[in-house]
Amino acid sequence: MRSPRFHHTYAVDLPERLYAHTDPSPVSAQRLLELNEPLATELGLDIGWLRSSEGIEMLAGNRFPAGVRPIAQAYAGHQFGNFVPQLGDGRALLVGELADTSGRLRDVQLKGSGPTRFSRNGDGRAALGPMMREYIVSEAMHALGIPTTRTLSLVATGEHVYRETKLPGALIARVAASHIRVGTFQYLAVREDIDGMRALADYAIARHYPDLAGSPNRYLGFLEAVVAVQAKLVAQWMLVGFIHGVLNTDNVAISGETIDYGPCAFMDAYHPATVFSSIDHQGRYAFANQPRITVWNLARLAEALLPILGDDAGGDDQGFELAKAAIGSCQAYYEAEFHKGIRHKIGLFSEKPGDLDLAAELLDLMARNSADFTLTFRDLAHEIDGSGRARNHFIDPTAFDGWAARWRERLAREPENAADRAARMRAINPKYIARNHRVEAAIGAATNDGDFGPFHRLLTVLARPFDEQPEMEEYAQPPADEGRVLQTFCGT
Ligand code: AMP
Ligand code: MG
């Protein structure tokens, strides 16, 4: 059995003002509840070792292999529009980086590992429920093909945490391309730490956008690259009905991965104004606001980078103009991704005038008829011959008929045959999403009865979201009215 060999490039390459060496607080009765074996393999980890008492001690934050020096990372962030100059890992520690099987460095971070210099008034711990939610939803996102942090393990601490009630404690090991956030740059900008900013930008470029390394315009190129990956990411969320819930700048990763699964949710019935988070009173992070908020968050990154963008541009004014242009391109990137995606969702793989109107009309009808987002698109593949399956998701099914007639006329002009088209549509429109009522049921069973059966079943079904899984049909269904989850909580 082989213990892992961690790298510590963040700590070695970057100034100590960006982090604090911190030991985790040991827990009393750790128990490995779930290990993500495919991910462990991808990270070159020895599964036997991970399951050994030494491995579990590491995943619980009790004891690390020799040489490992964990750190809490510093960052700032705009939370619901208000700038907070110091946030940072208040309940997480970066164990180190592992080179995965493709040679890419991936962060391994423990979340729920105890207090740090950045904990403010928090206890540094996490409750089982929110850690299960992050595990389920992050792995579901990955299976949908959407860039995301992953979850390697779930460990019970054997201790309680105190929120509104007493809850079982847990921690996860989160795996990320990196944990560098828009807020990490803001942390340096507000301190006018220009040297730190150059060092962080160069580090981020080397890790995520190595083609830019050494180029004279690399900082502008970096901003443009982050704009492009974030625009694409939010388009992918919008195409599966995902609501992040807390799109603060500290929860935006410059790698382009989805990060920080708090009060996130997938929509059941489609409505653009949908909000789940109990703390989002103004609907700032409502479903349809996400593209706009992403532009706003990227503008905060541009602002932070301004002092070093002038390096490239030959002056601060030029730097400002170039940053403005980069942010201005975000909407166009987003629309290109979203428009292509939404055309494909309705089976239009060639491009004709009027296609986007047709898609917009469907979304509008879905909103007015409380149609289930996921199943309406999924069942369109069965509507080509008029089976009525998509139609039945509309409160007024006749409202669908007029649209469907025009849609079929348009489909007749597609080059592909109907069977091929239906197969392609099924590979794009998932059948299984992490529905809230299922996530809550899994958390409830585990928290109240120590029953992890529903959690395992949910992970299993969500690992193959595009496949028909006849024995799992109930997991595809939206909740009955009384089972609907109306709010989700941060659980911090
Ligand atoms: P989040 O809402 O999870 O993105 O967290 C926002 C900030 O609050 C981050 O700096 C977290 O580290 C911190 N935080 C959240 N929960 C806790 C906790 N239980 N103890 C200490 N810090 C926390
Ligand atoms: Mg966060």
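Conventions we followed
Residues numbered from 1 in each chain as written. Chains lettered and ligands numbered in written order. Predicted model: local features only at pLDDT ≥ 70, side-chain atom pairs only at ≥ 80, totals over all residues. Heavy atoms only, no water. Phe/Tyr/Trp six-rings, centres within 6.5 Å; stacked < 30°, edge-to-face > 60°. Buried < 20%, exposed > 50% of the residue type's maximum accessible area, 1.4 Å probe, protein only. Lys NZ or Arg CZ within 6 Å of the ring centre and 35° of its normal. Salt bridge = Lys/Arg side-chain N within 4 Å of Asp/Glu carboxyl O. Helix = DSSP H or I, 4+ residues; strand = E, 2+ residues; numbered from the N terminus. Contact = heavy atoms within 4.5 Å. Donors = N, O, S within 2.8 Å, 3.2 Å for Na, K, Ca; no water. Near = heavy atom within 4 Å. Polar contact = N/O pair within 3.5 Å; in protein donor to acceptor, adjacent residues only side chain to side chain. Areas by Shrake-Rupley, 256 points an atom, 1.4 Å probe, with all protein chains shown as cover. Domains from an automatic or database assignment. Pairing = 2+ DSSP bridges. Buried area = accessible area lost by both parts, 1.4 Å probe. Core = buried A, V, L, I, M, F, W, Y, C linked by side-chain atoms within 4.5 Å.

J.: Mind showing me how you'd approach the packing of aromatic side chains here?
T.: Geometrically, a pair of aromatic rings is defined through the distance of the ring centres and the angle of the planes. Summed over all chains, the structure comprises 18 aromatic pairs. With centroids separated by 5.1 Å and ring planes inclined at 40°, the aromatic side chains of Phe394 and Phe400 adopt a geometry described as tilted. Each of the two residues, Phe394 as well as Phe400, counts as buried. Each residue in the set Trp237, Phe242, Tyr261 and Phe266 is aromatic and connected to the rest through ring pairs, giving one cluster. The cationic tip of Arg181 hangs over the ring face of Tyr75; the distance from NZ or CZ to the ring centre is 4.2 Å. Seen from the ring of Tyr475, Arg438 lies directly overhead, with NZ or CZ sitting 4.5 Å from the centre.

J.: Would you explain the pattern of salt bridges in this entry?
T.: Oppositely charged side chains can pair when the atoms bearing their charge come close. Within the structure shown, the criterion is met by 35 salt bridges. Asp100 serves as the salt-bridge partner of Arg106, at 2.8 Å between the closest nitrogen and oxygen. With respect to class, Arg106 is no different from Asp100; both count as buried. Glu139 is the partner of Arg150 in a salt bridge, and the nearest nitrogen-oxygen pair spans 2.8 Å. Of this pair, Arg150 sits in strand 8 (residues 150–162) while Glu139 sits in helix 5 (residues 128–143), and the two are 11 residues apart along the sequence. Like Arg150, the residue Glu139 is buried in the burial classification.

J.: I tried to follow the side chain of Asn369 on my own but got confused; where do I start?
T.: Here Asn369 shows up in the loop between helix 12 (355–368) and helix 13 (373–380). Setting aside anything within four residues of it in sequence, one finds Asn369 in contact with His393, Phe394, Ile395, Asp396 and Ala399.

J.: Where do I start with the coordination of the magnesium ion (ligand 2) in this structure?
T.: In a perfect tetrahedron of four donors around a metal, the angles come out at 109.5 degrees. In a perfect octahedron of six, they are 90 or 180 degrees. The coordination sphere of the magnesium ion (ligand 2) contains the protein donors Asn251 (OD1) and Asp260 (OD), at a distance range of 1.8 to 2.2 Å. By relative accessible area, Asp260 is classed as buried at 14%.

J.: Where do I start with the site of ligand 1 in this structure?
T.: Contacts to ligand 1 come from 18 residues, most closely from Gly88, Gly90, Arg120, Asp123 and Gly124. Here an oxygen atom of ligand 1 and a backbone polar atom of Gly88 are 2.6 Å apart. Within the side chain of Arg120, an N or O atom sits 3.1 Å from an oxygen atom of ligand 1. Contact with the protein chains covers 86% of the free accessible surface of ligand 1, which is 480 Å². Each of domain 1 (9–179) and domain 2 (183–338) gives at least three residues to the shell around ligand 1.

J.: Help me out: how do you make sense of the environment of Leu486 in this one?
T.: For Leu486, the position within the fold is in the segment after helix 17 (453–462). For the pair Leu486 and Asn436, spaced 50 residues apart in the sequence, the C-alpha separation amounts to 8.9 Å. Excluding residues that lie within four positions of it along the chain, Leu486 makes contacts with Val275 and Phe276.

J.: Hey, could you run me through the pairing of strand 8 in this one?
T.: On a regular strand, each side chain points to the face opposite its neighbour's, so the side chains alternate between the two faces of the sheet. Alignment of strand 2 (residues 31–35) against strand 8, held across 4 bridges, turns out to be antiparallel. Each bridged residue has a counterpart across the sheet, and for Leu35 the counterpart in strand 8 is Ser153. Linkage of strand 8 to strand 9 (residues 166–176), two consecutive antiparallel strands, is achieved through a turn of 3 residues.

J.: Just to check I follow, could you spell out the domain arrangement of the protein chain for this structure?
T.: One frequently used descriptor of interface size is the decrease in accessible area upon assembly of the parts. Domains assigned within the protein chain are domain 1 (9–179) and domain 2 (183–338). With centres defined by C-alpha atoms, the gap from domain 1 to domain 2 works out at 23 Å. If you look at the interface, domain 1 gives 40 residues, while domain 2 gives 40 residues. A per-residue breakdown of the area domain 1 buries against domain 2 is headed by Arg17, His78 and Phe80, which together make up 20% of the total. Linking domain 1 with domain 2 are 4 salt bridges. As a salt-bridge pair, Arg174 and Asp260 come within 2.7 Å of each other at their nearest N and O atoms. Our count for the domain 1 to domain 2 interface comes out at 20 residue pairs in polar contact (both at pLDDT 80 or more). Ranked by residue count, the leading element in the side of domain 1 that touches domain 2 is helix 5, at 5 residues.

J.: Just to check I follow, could you spell out the nonpolar core for this structure?
T.: Tyr10, Leu154, Phe185, Phe222, Leu223, Leu380 and Trp403 are the most contacted members of the largest nonpolar core, which has 126 residues in total. Here this core takes 15 residues from helix 8 (residues 218–240), the largest share from any one element. Residues from two domains meet in this core; each of domain 1 (9–179) and domain 2 (183–338) gives at least three. When neighbours within four sequence positions are excluded, Leu223 is seen to be in contact with Leu298, Leu301, Ala302, Leu305, Leu309, Ala323, Ala326 and Ile327.

J.: Explain the pairing of strand 6 (residues 92–99) to me, please; I cannot follow it from the model alone.
T.: Burial runs high along strand 6: 7 of the 8 residues are buried. Bridge analysis of strand 6 against strand 7 (residues 105–111) gives 7 bridges, and the strand direction is antiparallel. In the sheet register, Leu93 faces strand 7, and the bridge partner there is Leu110. Linking strand 6 to strand 7, which pair antiparallel, is a turn of 5 residues; within it Gly103 sits at a positive phi near 90°.

J.: Looking at this model, I keep getting lost on the side chain of Arg435. Mind explaining?
T.: For Arg435, the location among the structural elements is in the loop between helix 15 (418–426) and helix 16 (436–449). Of the polar contacts made by the side chain of Arg435, one reaches the side chain of Asp372; its length is 2.8 Å. When sequence neighbours within four positions are dropped, the list of residues in contact with Arg435 reads Asp268, Asp372, Thr374, Leu375, Tyr475, Ala476, Gln477 and Pro478.

J.: Any chance you could explain unusual backbone geometry here in plain terms?
T.: Phi is mostly negative for residues that are not glycine, and the peptide bonds are mostly trans. In this structure, Asp260 is a non-glycine residue whose phi angle is positive, near 75°. One can find Asp260 in the loop between strand 10 (242–243) and strand 11 (265–266). Backbone geometry places Ser370, a non-glycine residue, at a positive phi of 45°. Relative accessible area serves as the criterion here: at 41%, Ser370 is assigned to the partly exposed category.

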